[in-house]
Amino acid sequence: MREMKLKALAKINLGLDVVRKREDGYHEVRMIMQTIHLYDQIRIHELQKPGIKVKTNLYYLPVNEDNLVYKAAKLLMDEFGIKKGLSINLKKFIPVAAGMAGGSSDAAAVMVGVNRLFKLGLTREELMERGVKIGADVPYCIMRGTALAEGIGEKLTILPPMPACHILIAKPGVHVSTKFVYTTLDAGEITDHPDIDGQIRALEEGDLKKAAALMGNVLETVTVPEYPIIADIKNIMLEHGALNAMMSGSGPTVFGIFDDKKAAKKAYDVLYQGDLAKQVYLTGIFNNSVK
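The model shown is predicted, which means the values in this text are computed figures rather than measured ones.

Colleague: Help me get a handle on the overall build of the protein, residues and values and all.
Modeller: The secondary structure content of the protein amounts to ten helices and eleven strands. A globule of 291 residues ought to have a C-alpha radius of gyration of about 19 Å, and the protein, at 19 Å, matches this closely. Its C-alpha atoms give the protein principal-axis dimensions of about 55 × 45 × 35 Å. Each of the 291 residues in the protein was classed as buried or not, and the buried ones make up 54%. Expressed as a percentage of contacts within the protein between residues at least 6 apart in sequence, the contacts between residues at least 24 apart total 75%. Of the roughly 13600 Å² of accessible surface on the protein, 51% is carried by carbon and sulfur atoms.

Next up, the structure:
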């Protein structure tokens, strides 16, 4: 019985701008996405009998076709007529519904794993083309690294890697509906847009402090007033030496960028011991050029 272990890495948004709302209801965005070393663990192995079985360490997650890992496996197995079955064991660490693409990254990892396990021979680009059928973030989660995402998030351009730094992640115990955030956002009323092009130039120059200083997320204009705890967490990170701190995605997770490990550890301790955040992690960035 063949088996494979995989890591599904989380992402943060260094910049998130909404350009406009399209006629079909989707929002056009410009985002700088960055993979970090916070990950879910996935183990897959083939079964002799047909079917897909999913297990997870979180009781409230679906284990049927409503789970993206199931959809990802089924997509490839149906296309290539795989008669054997698949067992997927998903151990979650990435905060759920947190703006960190946890579900999309899990799906991406399963697609990579199924491709290898059954020797389908698909290239990374071919996997990415199929991944968009599962979700807009899945192609990026297959690619990983530092990238500009445009359109609804599916148009990707590889950027120079983000300089090494420490990333502090803190998620409060509130649930933020992505649909609520985008429905409430009035794209035509946004006057303060993050300088995405300036951030790209900072990355080209390898200037971490400049890239951090230019961070911005227009969705904070909706989410932060609704959930002030997000601003409280940001302030703690900034008070303890973060180059900058921002909400990732539509929230509610906050991340801080630190160039000093001691300062990052101090901020981690304050948040871990306090009552603002339910999940706190201190990690680093992942770039494809550095394995």
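Colleague: Can you break down the UniProt feature "binding site: ATP" (unreviewed entry) in the protein residue by residue, with the values?
Modeller: Mapped onto this numbering, the UniProt entry annotates "binding site: ATP" (unreviewed entry) at Pro 95, Val 96, Ala 97, Ala 98, Gly 99, Met 100, Ala 101, Gly 102, Gly 103, Ser 104 and Ser 105. Structurally, Val 96 can be placed in the loop between strand 4 (85-91) and helix 2 (102-117). Mapped onto the fold, Met 100 is located in the loop between strand 4 and helix 2. Take Met 100: its relative accessible area is 1%, and that puts it in the buried class. What Met 100 contacts, discounting residues up to four positions off in sequence, is Ala 10, Lys 11, Ile 12, Ile 36, Leu 38, Ile 94, Pro 95, Ile 169 and Thr 253.

Colleague: Got a sec to walk through the packing of aromatic side chains? Specific residues and values, please.
Modeller: On inspection of all chains with the given rule, the structure shows two aromatic pairs. Seen in terms of ring centroids, Tyr 59 and Tyr 60 are 5.2 Å apart; in terms of plane orientation they differ by 90 degrees. Their pairing is edge-to-face. Its relative accessible area of 48% is what places Tyr 60 among the partly exposed residues. Ring geometry for Tyr 268 versus Tyr 272: centroids 5.5 Å apart, planes at 15 degrees, classification stacked. On the criterion of helical spacing, the pair formed by Tyr 268 and Tyr 272 is a turn pair, its members being four residues apart in helix 10 (residues 261-273).

Colleague: How would you sum up the UniProt feature "domain: GHMP kinase C-terminal" (unreviewed entry) in the protein? Please name residues and give values.
Modeller: Taking the numbering used here, the UniProt-annotated feature "domain: GHMP kinase C-terminal" (unreviewed entry) corresponds to residues 200-271. In the segment residues 200-271, helix accounts for 57% and strand for 15%; the C-alpha atoms at its two ends are 30 Å apart.

Colleague: Tell me about unusual backbone geometry, and please be specific about residues and values.
Modeller: We note that Ala 101 has phi near 60 degrees; this positive angle belongs to a residue other than glycine. Relative to the helices and strands, Ala 101 resides in the loop between strand 4 and helix 2. Residue Ala 101 is classed as buried on the basis of its relative accessible area, which comes to 12%. Although it is not a glycine, Lys 119 sits at a positive phi angle of roughly 50 degrees.

Colleague: Tell me about the nonpolar core, and name the residues and values.
Modeller: Val 18, Ile 42, Leu 86, Ile 88, Val 114, Leu 219 and Met 237 are the most contacted members of the largest nonpolar core, which totals 72 residues. If one sorts the elements of this core by residue count, helix 2 sits on top with eight residues. In terms of domain composition, this core takes at least three residues from each of domain 1 (3-158) and domain 2 (166-284). Setting aside anything within four residues of it in sequence, one finds Ile 42 in contact with Met 4, Lys 5, Leu 6, Ala 8, Ile 88, Asn 89, Leu 90, Asp 106, Ala 109 and Val 110. Ranked by size, the runner-up nonpolar core spans 27 residues in total, among them Met 100, Leu 203, Leu 208 and Met 246.

Colleague: Describe in detail the domain arrangement of the protein, supporting the description with residues and values.
Modeller: Along its sequence, the protein is carved into domain 1 (3-158) and domain 2 (166-284). Linking domain 1 with domain 2 are one salt bridge. The salt bridge partner of Asp 197 is Arg 30, with a shortest N-O separation of 3.1 Å. The interface formed by domain 1 and domain 2 holds 13 residue pairs in polar contact (both at pLDDT 80 or more) in total. Sorting the residues of the side of domain 1 that touches domain 2 by element identifies strand 1 (3-21), strand 2 (27-47) and strand 5 (146-150) as the ones contributing at least two each. At ten residues, the largest contribution of residues to the side of domain 1 that touches domain 2 is made by strand 1. When grouped by side-chain class, the residues that make up the side of domain 1 that touches domain 2 number 15 nonpolar, six polar and five charged.

How each quantity is defined
- Residues numbered from 1 in each chain as written.
- Predicted model: local features only at pLDDT ≥ 70, side-chain atom pairs only at ≥ 80, totals over all residues.
- Heavy atoms only, no water.
- Helix = DSSP H or I, 4+ residues; strand = E, 2+ residues; numbered from the N terminus.
- Rg over C-alpha atoms; globule rule 2.2 N^0.38 Å.
- Buried < 20%, exposed > 50% of the residue type's maximum accessible area, 1.4 Å probe, protein only.
- Contact = heavy atoms within 4.5 Å.
- Areas by Shrake-Rupley, 256 points an atom, 1.4 Å probe, with all protein chains shown as cover.
- UniProt positions renumbered as here; feature names shortened; annotations may be inferred.
- Phe/Tyr/Trp six-rings, centres within 6.5 Å; stacked < 30°, edge-to-face > 60°.
- Core = buried A, V, L, I, M, F, W, Y, C linked by side-chain atoms within 4.5 Å.
- Domains from an automatic or database assignment.
- Salt bridge = Lys/Arg side-chain N within 4 Å of Asp/Glu carboxyl O.
- Polar contact = N/O pair within 3.5 Å; in protein donor to acceptor, adjacent residues only side chain to side chain.
- Nonpolar A, V, L, I, M, F, W, Y, C, P; charged D, E, K, R; others polar.

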